[in-house]
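Here is how the chains run, residue by residue.
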Amino acid sequence: MNSLQDIGKAEDGAYIRDLGRAFGGALLFSLPLLMTMEMWALGFAAEPVQRLLFLLAALPVLFGLAHYAGFSARRGLVNNALDTLVALAVGFITATALLLMFNVLDGSSPASAVGQVSLQAVPAALGALAARRQLSGDPNEGEEDQASYPGELFLMLAGALYFALNLAPTEEMRLIAYLTTPLGALGVLAVSVILLHLIVFEAGFAGQEEAETPLRAFLDFTLPGYALCLLSSLAMLWVFGGADGHGVQSLAANTVILAFPASIGAAAARLLV
Amino acid sequence: MDKKSVSRLQACCAVAGCVVLFGAVAVLASAAFSKPLPADLTITRDDIRPSAGGWVVDIVVANHGDLAAAAVDIEGQFGDERSGVSLDYVPGRGEKKVSLVFSGAQKPEPRLRVLGWSEP
């Protein structure tokens, strides 16, 4: 009995350390957004359905990250689901505590307060799940090196979301899109695709994909990866109200501009997760 | 892959996460599927106090609707003097406090009104 109790205590101790890493990761990833004025306002200015869909759409992404990274060494369907829920709890606690500390939490209605916190809790939960990879000091932590082809694309999506989340709510992204000419936007698109391909397959980053030929790698990973960057950028613009009232051309320019940091994030996904 | 069994602490933390998640979804879904009332702003005077530049009129702008109002312009008029202030946002069911300054010697009793606002 004593040995069972000792094992239980040791497991709890290890899990508490994992939780500490999760909170560290949540803070590391979400602090830029927690100190962004536009994110505070979006909590009550965005439509409730946008805030709700953002939270629900984040669940499968968080589950996937729990599988490939996670803040603990435990794996399996049940453990991944539990890690996802715990990461969300960590995210909500971190976001609530900091918004209260900064005195920017809007308590005028439950929907406003919950909307503010949930918008911040999702990137914090992303950070909590990437914590083991980032904060454990062991570069071999994580399952991303054993990812299947859909898993590779998922990791690129996770990296794209992380980078773009930090920039999507800001007014500066809209301003850049307004100032950029159509030719400039095409240039940004080309640079995004080229950089995505170069960083992942040619620059020698740790964990870069070993492809048979550059052309095959371009068709298998770079193009689908950039498509995911465009789709995720469009989705984030919609969630953060950046797509409202825009014509097709203006919306395309906004999407391409946001997809530029998203493509850097997609390329560097292995470094992040 | 390491498939350790679920510890008690992990299960407790996951239950907390579940409660938080369902609570947030319930609140947001309730707001998403109800018909929100448009922004409806009113002004009430809170205090009038002297200052180095004249008089400061503290006012409270309240939004009785569910939707937020953006770029809210407030104007106060006392005699020939007008004073104005702008608010970035007034959240739905929320209120913001602002101040108007009047430079006259006499204590003002300004006529206050909301000039307009926009959708966020």
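The rules behind these values
- Residues numbered from 1 in each chain as written.
- Chains lettered and ligands numbered in written order.
- Predicted model: local features only at pLDDT ≥ 70, side-chain atom pairs only at ≥ 80, totals over all residues.
- Domains from an automatic or database assignment.
- Contact = placed C-beta atoms within 7 Å.
- Helix = DSSP H or I, 4+ residues; strand = E, 2+ residues; numbered from the N terminus.
- Nonpolar A, V, L, I, M, F, W, Y, C, P; charged D, E, K, R; others polar.
- pLDDT = per-residue confidence, 0-100.
- Buried ≥ 20, exposed ≤ 12 C-beta atoms within 10 Å, placed from the backbone.
- Pairing = 2+ DSSP bridges.
- Axes fitted to C-alpha atoms, helices over the stretch in contact; angles between N-to-C directions.
- Parallel < 35°, antiparallel > 145°, perpendicular 65-115°, else oblique.
- Left-handed = near helix turned anticlockwise from the far one by under 90°.

### Description of the domain arrangement of chain A
Residue and element names in this part refer to chain A. Per the domain assignment, the segments of chain A are domain 1 (1-142) and domain 2 (148-273). Facing 21 residues of domain 1, the contacting portion of domain 2 comprises 17 residues. Broken down by secondary-structure element, the contributors of at least two residues to the side of domain 1 that touches domain 2 are α1 (2-34), α2 (37-45), α3 (48-68) and α5 (110-129). Among the elements that make up the side of domain 1 that touches domain 2, the one with the highest residue count is α3 (6 residues). Residues belonging to the side of domain 1 that touches domain 2 are distributed by class as follows: 15 nonpolar, 4 polar and 2 charged.

### Details of the domain arrangement of chain B
Taken as a whole, chain B is organised into domain 1 (1-34) and domain 2 (41-118). Inter-centroid distance (C-alpha atoms) of domain 1 of chain B to domain 2 of chain B is 43 Å.

### A word on unusual backbone geometry
Even without a glycine there, the phi angle at Asn103 of chain A is positive, about 60 degrees. Within the element layout of this structure, Asn103 of chain A appears in the loop between α4 (77-101) and α5.

### Structural notes on the interface of chain A and chain B
Opposite the 34 residues of chain A that make contact, chain B presents 30 residues. When residues of the side of chain A that touches chain B are traced back to their parent elements, those giving at least two are α1, α2, α3, α4 and α5 of chain A. If one sorts the elements of the side of chain A that touches chain B by residue count, α4 of chain A sits on top with 8 residues. Here the residues of the side of chain A that touches chain B are counted per class, giving 20 nonpolar, 8 polar and 6 charged.

### Re the confidence of the model for chain B
When the pLDDT values of chain B are averaged, the result is 89; 96% of them are 70 or greater. Across the whole predicted complex the pTM is 0.81, and at the interface the ipTM reaches 0.74.

### A few points about the environment of Gly116 of chain B
All names here are of chain B. Considering the arrangement of structural elements, one finds Gly116 in strand β6 (residues 111-118). For Gly116, a count of 12 C-beta atoms within 10 Å puts it in the exposed group. Residues Gly116 and Leu41 lie 75 residues apart in sequence; the distance between their C-alpha atoms is 9.3 Å.

### Observations regarding the pairing of strand β2 (residues 54-63) of chain B
Residue and element names in this part refer to chain B. As judged from the 10 bridges shared by strand β1 (residues 41-51) and β2, these two strands associate in the antiparallel manner. In the strand pairing of β2, Arg45 is matched with Ile59. The hairpin turn running from β1 into β2, its antiparallel successor, is 2 residues long. The pairing of β2 with strand β5 (residues 95-102) spans 8 bridges and is antiparallel. Opposite Val60, over in β5, you have Lys97 as the bridge partner.

### Considering the sheet that holds strand β3 (residues 69-78) of chain B
By way of backbone hydrogen bonds, the strands of a sheet pair with one another, either parallel or antiparallel. All names here are of chain B. Here we have 3 strands laid out as an open sheet, ordered β4-β3-β6, and antiparallel in their pairing. The open sheet terminates on both sides in strands that have one partner only, identified here as β4 (81-90) and β6. On average, adjacent strands in this sheet sit at an angle of 20 degrees to one another, irrespective of strand direction. Both β3 and β4 contribute to a ladder of 9 bridges, which runs antiparallel. The residue of β4 that forms the bridge with Ala70 is Tyr89.

### A word on the packing of helix α8 (residues 171-179) of chain A against helix α11 (residues 248-267) of chain A
Residues and elements named next belong to chain A. One way to put it is that α8 packs onto α11 with a least axis distance of 9 Å and a crossing angle of 120 degrees. Between α8 and α11, the crossing angle belongs to the class labelled oblique. For the crossing formed where α8 meets α11, the hand is right-handed. In contact with Met173, Arg174, Ile176 and Ala177 of α8, α11 contributes Ser250, Ala253, Asn254, Ile257 and Leu258. Of the residues that constitute the contact of α8 with α11, the class distribution is 6 nonpolar, 2 polar and 1 charged.

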